[in-house]
Amino acid sequence: MKITWLGHAAFLIEGKAKVLVDPFLKGNPKAAKTPEEVEADIICVTHAHGDHLGDSIEISKRTGAPIIATYEIASYASKNGAEAIGMNIGGTVEAKGVKITMVSATHTSALIENDEIKYGGEPVGFIIEIEENRKVYHAGDTGLTAEMQIIGEFYKPEVALLPIGGHFTMGINEAVYAVKLLKPKFVIPMHYGTWPPIEADPAEFKEKAEKLYRYTKVIILKPGESVEL
Ligand code: NI
Ligand code: MN
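Everything numeric here is computed off the predicted structure, so don't read it as measured data.

(A) Spatial organisation of the sheet that holds strand β4 (residues 42–44). Taking strand neighbours across the sheet as the criterion, the 7 strands line up as β6-β5-β4-β3-β2-β1-β16 in an open arrangement whose pairing is mixed. Of all strands in the sheet, those bounded by a partner on one side alone are β6 (84–87) and β16 (226–228). Each adjacent strand pair in this sheet contributes to an overall mean axis angle of 20°, direction not counted. Strand direction decides the pairing type here: β4 and strand β5 (residues 67–70), joined by 2 bridges, are parallel. Across the sheet, I43 pairs through a bridge with I67, a residue of β5.

(B) Local environment of the environment of K180. If you trace the backbone, K180 turns up in helix α5 (residues 172–182). Of the residues examined, K180 reaches a relative accessible area of 34% and is grouped as partly exposed. Along the backbone, K180 and K30 are 150 residues apart, and their C-alpha atoms lie at a distance of 29 Å.

(C) Main features of the coordination of the manganese ion (ligand 2). On the protein side, the manganese ion (ligand 2) has D51 (OD), H52 (NE2), D141 (OD) and H191 (NE2) as donor atoms, found 2.2 to 2.3 Å from it. Motif for the manganese ion (ligand 2), donor spacing along one chain: D-H-x88-D-x49-H. The distance between the manganese ion (ligand 2) and the nickel ion (ligand 1) comes to 3.3 Å, and D141 binds to both of them. With D51 in helix α1 (residues 50–53) and D141 in the loop between β12 (134–138) and α4 (147–155), this residue pair connects regions lying 90 residues apart in the sequence.

(D) Main features of the nonpolar core. Formed by 56 residues in total, the largest nonpolar core has its most connected members in Y137, L162 and F205. Take this core: its biggest share by element is 7 residues, from α5. The next biggest cluster of nonpolar side chains, apart from the first, holds 21 residues, and it includes V38, L53, I73 and A77.

The rules behind each value
Residues numbered from 1 in each chain as written. Chains lettered and ligands numbered in written order. Predicted model: local features only at pLDDT ≥ 70, side-chain atom pairs only at ≥ 80, totals over all residues. Heavy atoms only, no water. Pairing = 2+ DSSP bridges. Helix = DSSP H or I, 4+ residues; strand = E, 2+ residues; numbered from the N terminus. Axes fitted to C-alpha atoms, helices over the stretch in contact; angles between N-to-C directions. Buried < 20%, exposed > 50% of the residue type's maximum accessible area, 1.4 Å probe, protein only. Donors = N, O, S within 2.8 Å, 3.2 Å for Na, K, Ca; no water. Core = buried A, V, L, I, M, F, W, Y, C linked by side-chain atoms within 4.5 Å.

By themselves, these figures tell us nothing about what the structure is for.
Next up, the structure:
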């Protein structure tokens, strides 16, 4: 599989298909691509906040890639002309050969449009089986939660994409503990460095996580960089 960090929580995960997660590119100071140039067969959206729903509707319209999200976000996306598959926490959807399971995240998910706050469903994470028995966990925006122990034991993700920026999500020390619960082979930190409130040093996270949990390798990417695993 190939994983490219596009900045913030946006990733392109390539295996049986190209899965784009949380494509917030326009307005993202660290975005590695524009919404016009990014590729996608499937788009996963973890919650309705602008830095996650981002440009997914525009990208879906251009590429025909369905947006996989909670029923609430999927309804909003299809009303706005995008392809969408609504699902909910605990369920698995198979699209283009890739199995996508929706799991809990601890956060909020309001949809804010023209200063009006609408219910955007619950925030989620995804377990993406990008190749046979090769699973990537995108945690979305989340605090440290005991759910991660179940995710680690039951789904056994090989790769975890974890927020480390603090303020709106887990910070470095919580994310280190999340590694203990999840026991992934590889971790790629995300959701840091985009703006001043979420500044965090990924090298500090790598050092702490790898020191405590030797089974995990932390891979630090720069926006636009890829890793083949
Ligand atoms: Ni958020
Ligand atoms: Mn966010």
